[in-house]
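Examination of the molecular architecture
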Amino acid sequence: MAAKKRSPRSAGATTVRPLERVEIDNFLLYVHVLCPKTGVRLGRPWLTLAIDHYSGMVLGYHLSFAPPSSASVLAALRHAILPKRPIALEAPKTARGKA
């Protein structure tokens, strides 16, 4: 059932290796962000993703309250291209399958 939902409706583009085609998509998140100090609702953020068509891997992203634009696409591509520093040196025990 899940494969049927994810499969394309038409033949579409075919890729045979990573980074052959990168797709950009924008999503209005179903989250209402509140200011931690005042509790005032700030709004719903937009998420712009750069996704590798071959692997489905997210290469870069941009999160903003501004609606999608060429600036958000460029920011997501910039994040995809630039080097990233490690978030953690070692994965938590739960991520390695140990309780």
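As a reminder, the structure under discussion sits directly above these lines.
Residues numbered from 1 in each chain as written. Predicted model: local features only at pLDDT ≥ 70, side-chain atom pairs only at ≥ 80, totals over all residues. Heavy atoms only, no water.

1. Examining the overall build of the protein
- Tallying secondary structure elements over the protein gives two helices and five strands in all.
- Shown N-terminal to C-terminal, the secondary structure of the protein runs as helices and strands in the order α-β-β-β-β-β-α.
- Summarising the internal contacts of the protein: among those between residues at least 6 apart in sequence, 33% fall at separations of at least 24.
- About 8400 Å² of surface is accessible on the protein, with carbon and sulfur atoms providing 61% of the total. (Helix = DSSP H or I, 4+ residues; strand = E, 2+ residues; numbered from the N terminus. Contact = heavy atoms within 4.5 Å. Areas by Shrake-Rupley, 256 points an atom, 1.4 Å probe, with all protein chains shown as cover.)

2. Thoughts on the pattern of salt bridges
- Summed over the entire model, instances satisfying the criterion amount to one salt bridge.
- Ionic pairing is found between Glu23 and Arg21, a salt bridge with its closest N-O pair at 2.9 Å.
- A relative accessible area of 33% places Glu23 in the partly exposed class. (Salt bridge = Lys/Arg side-chain N within 4 Å of Asp/Glu carboxyl O. Buried < 20%, exposed > 50% of the residue type's maximum accessible area, 1.4 Å probe, protein only.)

3. Brief notes about the side chain of Thr48
- Tracing the backbone through its elements, the reader meets Thr48 in strand E4 (residues 46–52).
- Judged by relative accessible area, Thr48 falls into the buried class, the value being 2%.
- When residues no more than four places from it in sequence are discounted, the contact partners of Thr48 are Ile24, Asp25, Asn26, Gly60, Tyr61, His62, Ser72, Val73 and Ala76.

Treat this as a map of the structure, not an account of what it does.
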